[in-house]
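Residue-level structural notes
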Amino acid sequence: MDIDEVQYLSENELISVVPNFKHPEINLIRGSVGPFLPLIPLQVPMWMAIHLKESHRCRFVCPEWLTLDSVQELLKQEQQQATFTSMPNPYVFILSQTIMNVALEDVPNGDQIRLLMKDLWDLRLAKLRSSIGNLALSGSLYAKVTHLTQVEICLIRNFLKTSLKHIAQLQDVVPEE
């Protein structure tokens, strides 16, 4: 799976919107959404929320995990632990970026949250690089890593696969003492 596929999958995540129009229930392959009533929040897939927002037909309801307090707490936990902390959603970085790009005005303290999410991303990538370095130095052929998001897994999958293959080949060639 590559980043584009992860982006595609993330667009099926549900998000709350407040429509400014009236429309009956819509039947989709993955289920029904609606009815749409003005000023009544409802959950729709992210792809539909993007379309409605770009058509000026709704506003986003900021997810609880994307509030300033929640993101500050996530960053604090990540800084305090040597291992990866659990994220509120497997697509948290893609969804937050999409929400910030499409509906920044619907997110209180959006600019601050964008910076904090960037800090969180950078911190997790630094941990990821360190973990990969430790794995390579240890000579192990496997590692257990928990709490990675889908996009983080995509970033390291090919590198790890190739690196571990080379380590295995080197271990086969170099006799043990």
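Given the structure is predicted, the values throughout are model-derived calculations rather than measurements.

Here is what the cut-offs are and how they apply
- Residues numbered from 1 in each chain as written.
- Predicted model: local features only at pLDDT ≥ 70, side-chain atom pairs only at ≥ 80, totals over all residues.
- Heavy atoms only, no water.
- UniProt positions renumbered as here; feature names shortened; annotations may be inferred.
- Helix = DSSP H or I, 4+ residues; strand = E, 2+ residues; numbered from the N terminus.
- Pairing = 2+ DSSP bridges.
- Axes fitted to C-alpha atoms, helices over the stretch in contact; angles between N-to-C directions.
- Buried < 20%, exposed > 50% of the residue type's maximum accessible area, 1.4 Å probe, protein only.

Quick look at the UniProt feature "domain: DNA replication complex GINS protein PSF2 N-terminal" (unreviewed entry) in the chain now. Mapped onto this numbering, the UniProt entry annotates "domain: DNA replication complex GINS protein PSF2 N-terminal" (unreviewed entry) at residues 3-61. With 29% helix and 32% strand, residues 3-61 has end C-alpha atoms that lie 26 Å from one another.

One open sheet accounts for 3 strands, arranged S4-S1-S5; its pairing is antiparallel. Lying at the two open borders of the sheet, with one neighbouring strand each, are strand S4 (42-45) and strand S5 (58-60). Direction aside, the axes of adjacent strands within the sheet are offset by 50 degrees on average. The pairing of strand S1 (residues 14-19) with S5 spans 3 bridges and is antiparallel.

Another point: the environment of Leu128. Relative to the helices and strands, Leu128 resides in helix H5 (residues 110-138). Residue class for Leu128 comes out buried when judged on its relative accessible area of 5%. In the structure, Leu128 is positioned 53 residues away from Leu75 in sequence and 15 Å away in space, judged by C-alpha atoms.

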